[in-house]
Amino acid sequence: MTLRVVLADDQALVRTGFRMIIDARDDLQVVGEAADGGEAVRLTRELAPDVVLMDVRMPVVDGIEATRRIVADGSRARVLVLTTWDVDVHVVAALRAGASGFLLKDIGAPDLVDAIRVTARGDALLAPTVLSRVLDRFLRTTPDPAPPPSLRDLSGREREVLTLIGQALSNAEIAERLRLSEATVKNHVTAVLRKLGLRDRVQAVVAAYDHGLVRPRRP
């Protein structure tokens with residue numbers, strides 16, 4: 001299956017570079033390019049891509065607002081935010097808007113391709129250099145204006161799984177920690193996302209922090 005990608009960046013040269021990298025892969029295809037967030041929203045509606053590579057700072061409509069609108073539309077597209085800026089409020093704003101991942105623009109071509117594939121699967125994706133700082137510093141100190149989803153419908157085991165997702169553990173690591181099969185863990189993860197109305201693991205990480213299931217690491 002070919003993954004369809006929309007590129008959203010106000011710099012034509014950046015889009016060209018990304019297109020060359022992506023279209024060189026047999027399982028990836030760029031189906032549209034946008035120079036601002038409003039155009040990205042429109043193309044996402046029209047083209048129904050699997051992944052949108054979204055710049056943060058764009059004219060007319062920025063990447064954060066564009067992400068918010070795409071999610072509000074109920075689009076199946078997952079948004080992967082790319083920026084030249086390291087850890088700051090844009091990271092949290094993007095995640096709270098519904099982004100499925102966050103990477104810096106200096107990422108290598110193989111890692112970018114892998115990131116698109118991972119994001120399309122719905123797995124959590126944050127640049128290694130920003131992951132722990134985002135989770136520990138910003139999610140706890142930048143509350144979402146909307147209340148987090150209630151955990152009342154989760155079973156005890158599902159609550160445990162959500163806690164471990166919040167610690168950025170993979171299904172394999174969760175299975176080892178809880179002494180379960182990976183298939184069983186996958187079923188629990190699916191149930192957690194469904195019951196909480198979450199799009200993917202990234203949103204589950206945010207929910208775990210918002211509910212205090214994960215304690216910040218000490219510096």
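Above: the structure in question.
Note that this is a predicted model, so its numbers are computed, not measured.

What follows is about the nonpolar core. Counting residues in hydrophobic clusters, the biggest one holds 26 residues, and the most contacted among them are A8, V52, M54, I70, V79 and V81. Of all the elements in the fold, those that place two or more residues in this core are strand 1 (3–8), helix 2 (37–47), strand 3 (51–55), helix 3 (63–72), strand 4 (78–83), helix 4 (89–97), strand 5 (101–104) and helix 10 (201–210). With residues up to four places along the chain from it excluded, the contact list for I70 reads A40, V41, T44, V52, M54, S75 and V79. L154, L164, L193 and V205 belong to the second largest nonpolar core, which has 23 residues in total.

Moving on to unusual backbone geometry. Here V60, not a glycine, exhibits a phi torsion of approximately 70°, which is positive. Locating V60 in the fold gives a position in the loop between strand 3 and helix 3. Looking at V60, the relative accessible area reads 77%, which means it is exposed. Its identity as a non-glycine residue notwithstanding, R179 has a phi of 60°, on the positive side. Structurally, R179 can be placed in the loop between helix 8 (171–178) and helix 9 (182–196).

Two elements in contact, helix 8 and helix 9, have axes whose closest approach is 9 Å; the angle formed by their N-to-C orientations is 110°. Between helix 8 and helix 9, the angle falls in the class roughly perpendicular. Residue-level inspection shows N171, A172, I174 and A175 of helix 8 in contact with helix 9, the latter providing E182, V185, K186 and V189. Within the contact of helix 8 with helix 9, the residues separate by chemical class into 5 nonpolar, 1 polar and 2 charged.

Applying the stated criterion across every chain yields a total of 1 cavity of 30 Å³ or more. There is about 30 Å³ of room inside the largest cavity. If you trace the largest cavity, you find it lined by A8, D9, F18, L53, M54, D55, L82 and K105. Here the residues of the lining of the largest cavity are counted per class, giving 5 nonpolar, no polar and 3 charged.

The next thing to look at is helix 1 (residues 12–23). Compared with an ideal rise of 1.5 Å per residue, which puts 12 residues at 16 Å, helix 1 spans 16 Å between its outermost C-alpha atoms and is within 8% of the ideal. Inspection of helix 1 places V14, R15, F18 and I22 among the buried residues, and these make up the whole buried set. Projection of helix 1 onto a plane perpendicular to its axis shows the buried side chains occupying an angular sector of 95°, all on one side. In helix 1, the exposed positions that point more than 90 degrees away from the buried face belong to L13 and M20.

Tallied over the full model, the rule gives 17 salt bridges. The partner of E33 in a salt bridge is R19, and the shortest N-O contact between them spans 2.6 Å. Of this pair, E33 sits in strand 2 (residues 28–34) while R19 sits in helix 1; the two residues are 14 residues apart in sequence, bridging distant segments of the chain. Judged by its relative accessible area of 26%, E33 is partly exposed. Taking the shortest distance from any N to any O, the salt bridge between D55 and K105 comes out at 3.4 Å. You can see D55 sitting in strand 3 and its partner K105 sitting in the loop between strand 5 and helix 5 (109–121), a full 50 residues away along the chain.

This part is about helix 2. Turning to helix 2, its buried residues are G37, A40, V41, L43 and T44. Buried residues belonging to helix 2 abut strand 1, strand 2, strand 3 and helix 3. The N-capping residue of helix 2, defined by a side-chain oxygen 2.9 Å from the backbone nitrogen of G38, is D36. Note on helix 2: the residue one or two positions beyond its end, A48, has a positive phi of about 50°.

Turning our eyes to something else, we now look at the side chain of R96. Checked against the element boundaries, R96 lands in helix 4. Among the polar contacts listed, one links the side chain of R96 to the side chain of D210, at a separation of 3.1 Å.

How each quantity is defined
Residues numbered from 1 in each chain as written. Predicted model: local features only at pLDDT ≥ 70, side-chain atom pairs only at ≥ 80, totals over all residues. Heavy atoms only, no water. Core = buried A, V, L, I, M, F, W, Y, C linked by side-chain atoms within 4.5 Å. Buried < 20%, exposed > 50% of the residue type's maximum accessible area, 1.4 Å probe, protein only. Helix = DSSP H or I, 4+ residues; strand = E, 2+ residues; numbered from the N terminus. Contact = heavy atoms within 4.5 Å. Axes fitted to C-alpha atoms, helices over the stretch in contact; angles between N-to-C directions. Parallel < 35°, antiparallel > 145°, perpendicular 65-115°, else oblique. Nonpolar A, V, L, I, M, F, W, Y, C, P; charged D, E, K, R; others polar. 1 Å grid on protein atoms, 1.4 Å probe; cavity = no way out; pocket = protein on both sides within 12 Å on 5 of 7 lines; lining within 4 Å. Points joined across faces, edges and corners; volume = space filled by probe spheres on them. Expected span 1.5 Å × (residues − 1). Arc of directions from axis to C-beta. Salt bridge = Lys/Arg side-chain N within 4 Å of Asp/Glu carboxyl O. Polar contact = N/O pair within 3.5 Å; in protein donor to acceptor, adjacent residues only side chain to side chain.

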